Amino acid sequence: MFNKRGLTRLAATALTIAMIPLATGCGGASDGNATSSDANDVKSQTVKSGTLTIATGQPAYSPWVLDNKPESGKGYEAAISYELANRLGFDKSHVKWVRTSFEDATTPGTKDWDLNIQQYSITPERKQAVDFSPSYYNVKQSILTRKDSKYAKATKLSEFKPATVGAMVGSTSYDFAKSKVKDDIKTFNDNAALAQALDADQIDAIVLDTPTAKDMVKENQVKDAMVVGQIPGSDDPEGTGFVLPKGSKLTPTVTKALNAMKKDGTLDKLQKQWLAEYTTDVPVLK
């Protein structure tokens, strides 16, 4: 028989044992990584069970994706995609990459991918058709021209009023070009077409996000090009996020994982690794 003291000790021991699994389970969920149970749920919610399908552009540009090979994990967007996949419970062999156009990803309708990443700015208009993750980067816009252009030495936005300025259709670059530079902006389907137009003297200048603009110069996509400067007030207010199909069951899990990546410094670390050389030493236009 047990006396009262013995019964009290037995009850306390039983309570401690009962609480051990609960404490272990809570620890796995709080750091933004999926528990084994969560991971199984996530894997059953993807468009192809057991595989995370991520879409990007064709082509995908540096420094976001190096050498147009997102499967390499090199480049800022490729790197954060694999980090996110890992936190959702997918190893690299269970990530599949597909390609879409920039505009198609944010139109209403059924999607054949789980995530789409192409520097999509988070906007109220796009949110009507798709879901977004939290922001993984806030970009600024820059103006690029050729070194022999009469606009190469410009220090003010007003100097570009007579210029023929181009930007990619449907992009935040176009929105800022139209609102900050001039009303009449020529649109192109992608950055490759923009580069070709500038190279052929069909336009005088291009508006691009700063990392892409600096990479276009670095890779000599336009002969003798230069970044004139950043557009003041062009900080992306909501930032850029992963696009998910509207009402995706993955949205809450992806949101939790991205917030954890931001909180634990992972995003800052990857930005320094992949974007630092593309965002420094760019003057701001007046």
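Residues numbered from 1 in each chain as written. Predicted model: local features only at pLDDT ≥ 70, side-chain atom pairs only at ≥ 80, totals over all residues. Heavy atoms only, no water.

Caption draft 1: Main features of the side chain of T100. In this structure, T100 sits in the loop between β2 (95–99) and β3 (115–116). A polar side-chain atom of T100 sits 3.0 Å from a polar atom in the side chain of N116. In this structure T100 touches A55, T56, G57, Q58, A105, W113, N116 and Q118, once residues within four positions along its chain are discounted. (Helix = DSSP H or I, 4+ residues; strand = E, 2+ residues; numbered from the N terminus. Polar contact = N/O pair within 3.5 Å; in protein donor to acceptor, adjacent residues only side chain to side chain. Contact = heavy atoms within 4.5 Å.)

Caption draft 2: Up close: the packing of aromatic side chains. According to the stated counting rule, one finds 8 aromatic pairs in the structure shown. Plain terms: the ring middles of Y76 and Y137 are 5.9 Å apart, the flat faces sit at 65° to each other, and that makes the pair edge-to-face. On the criterion of sequence distance, the pair formed by Y76 in helix α3 (residues 76–88) and Y137 in the loop between β4 (130–132) and β5 (141–146) is long-range, its members being 61 residues apart. Residue Y137 is classed as buried on the basis of its relative accessible area of 12%. (Phe/Tyr/Trp six-rings, centres within 6.5 Å; stacked < 30°, edge-to-face > 60°. Buried < 20%, exposed > 50% of the residue type's maximum accessible area, 1.4 Å probe, protein only.)

Caption draft 3: Here's a closer look at the environment of I206. With respect to the secondary-structure elements, I206 resides in strand β8 (residues 205–209). By relative accessible area, which is 0% here, I206 ends up buried. As for I206 and T145, which are separated by 61 residues in sequence, their C-alpha atoms are 6.5 Å apart. Once you skip the residues sitting within four places of it in the chain, I206 turns out to touch S142, I143, L144, G166, L194, A195, L198 and M216.

Caption draft 4: Geometry of helix α5 (residues 172–181). T172, S173, F176, A177 and V181 are the residues of α5 that are buried. Projected down its long axis, α5 carries its buried residues within an arc of 135°, all on one side. For α5, the elements touching its buried residues are α4 (124–127), β5, β6 (165–168), β7 (185–188) and β8. (Arc of directions from axis to C-beta.)

Caption draft 5: Quick look at the pairing of β5. Within β5, 6 of the 6 residues are buried, which leaves the element mostly enclosed by the surrounding structure. Of the two faces of β5, the one holding Q141, I143 and T145 and the one holding S142, L144 and R146 are both buried throughout. When β5 meets β8, the two strands line up antiparallel, connected through 4 bridges. Counted as the bridge partner of L144 is I206 from β8. Strand direction decides the pairing type here: β5 and strand β9 (residues 225–230), joined by 5 bridges, are antiparallel. (Pairing = 2+ DSSP bridges.)

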